[in-house]
Structures are given as structure tokens and as C-alpha cells.
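In case you want the letters, here they are:
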Amino acid sequence: MEQKSKQGGHEMLIRSQNKEVLVAFEFLPDIEVSGGVISVRRDIGWCCLLGEYSTKAKAIKVLDMIQEAYADAELIPMTVPNIGKMFQEAPASKENELLAEAIGKALMNKMVFQMPEDSEVEG
């Protein structure tokens, strides 16, 4: 047990590196790096492996990426009302409709963190 990160109740999902596990961030008491392995704990025992990396440094970098994604996801509830208001006040047009759709998709992508492959992380 080398490094831990405590979380609160936020609406972000983490998809495991092998894409077989999808966990709600808000239900994860701990995300831990041990060597090159990132795993999560729920309740008393370990829940699942999120990702495995060739070095501890890469695993720590991915933990940093999760932290950044979490911070980005925190901003979404604050920005959505302003974006909605802006589009309500904007004239109806196909361009504005497409822009609203693109913003919606971008925000949804921020709500899921996909664990990267080892080769995608600089060590």
C-alpha cells in the first residue's frame, strides 16, 4: 500500500484498462497504487483492478490523470446552467443546435475516465 487517494461523492465513472469494469467514482473509498498496479477498495476488501502499468511512475501519472479528470468533472455542474441559459437566449439556428450537441457530448465524455493502456502513458 504505497499511495492512496480519498474521494467524496461525485458523479464520474472510471472504466478499467481492460474495459471490463465500470465503477462509479462516488462509491470508491480508496484508489491505490502499489507498484505498477492501480486498484480500488470498496467496503472492507479490494474491489477490482483498474489498470496495470510497467512502472510505479506510470501508475502515479495515471493517478494524476484521474485526479485531473475528477477536477474537470467537478466543474460540469457549475457550468451546465450557464451554458443552458446562453443557448436559451441565443437565436434558434442549426449552427447553435449543432454547437449545443457538441458541447453536450464533450461534457458527457468528461464524466467517464478511461484507464489508458501502458503504452499511452509516458514514464
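A short tour of the structure in this document, coming up. Computed from a predicted model, the values in this text were never measured in an experiment.

Definitions and cut-offs
- Residues numbered from 1 in each chain as written.
- Predicted model: local features only at pLDDT ≥ 70, side-chain atom pairs only at ≥ 80, totals over all residues.
- Heavy atoms only, no water.
- Axes fitted to C-alpha atoms, helices over the stretch in contact; angles between N-to-C directions.
- Helix = DSSP H or I, 4+ residues; strand = E, 2+ residues; numbered from the N terminus.
- Parallel < 35°, antiparallel > 145°, perpendicular 65-115°, else oblique.
- Contact = heavy atoms within 4.5 Å.
- Nonpolar A, V, L, I, M, F, W, Y, C, P; charged D, E, K, R; others polar.
- Pairing = 2+ DSSP bridges.

With that settled, consider the packing of helix H1 (residues 56-89) against helix H2 (residues 94-109). Interaxial distance between H1 and H2 falls to 12 Å at its minimum, and their mutual angle equals 175°. By the angle between their axes, H1 is roughly antiparallel relative to H2. Counted together, Ile76, Val80, Ile83 and Phe87 of H1 and Asn96, Leu99, Ala100, Ile103 and Leu107 of H2 form the full contact between these two elements. Along the lines of polarity and charge, the residues of the contact of H1 with H2 split into eight nonpolar, one polar and no charged.

Attention shifts here to the sheet that holds strand S7 (residues 112-114). Strand order in the open sheet made by the three strands is S3-S2-S7, with mixed pairing throughout. Each of the sheet's edge strands pairs with one partner strand only, and the pair in question is strand S3 (22-24) and S7. Recorded for the sheet is a direction-independent mean angle of 20° between the axes of neighbouring strands. In the sheet, strand S2 (residues 13-15) pairs with S3 via three bridges, with the strands oriented antiparallel. Within the sheet, the bridge partner assigned to Leu13 lies in S3 and is Ala24.

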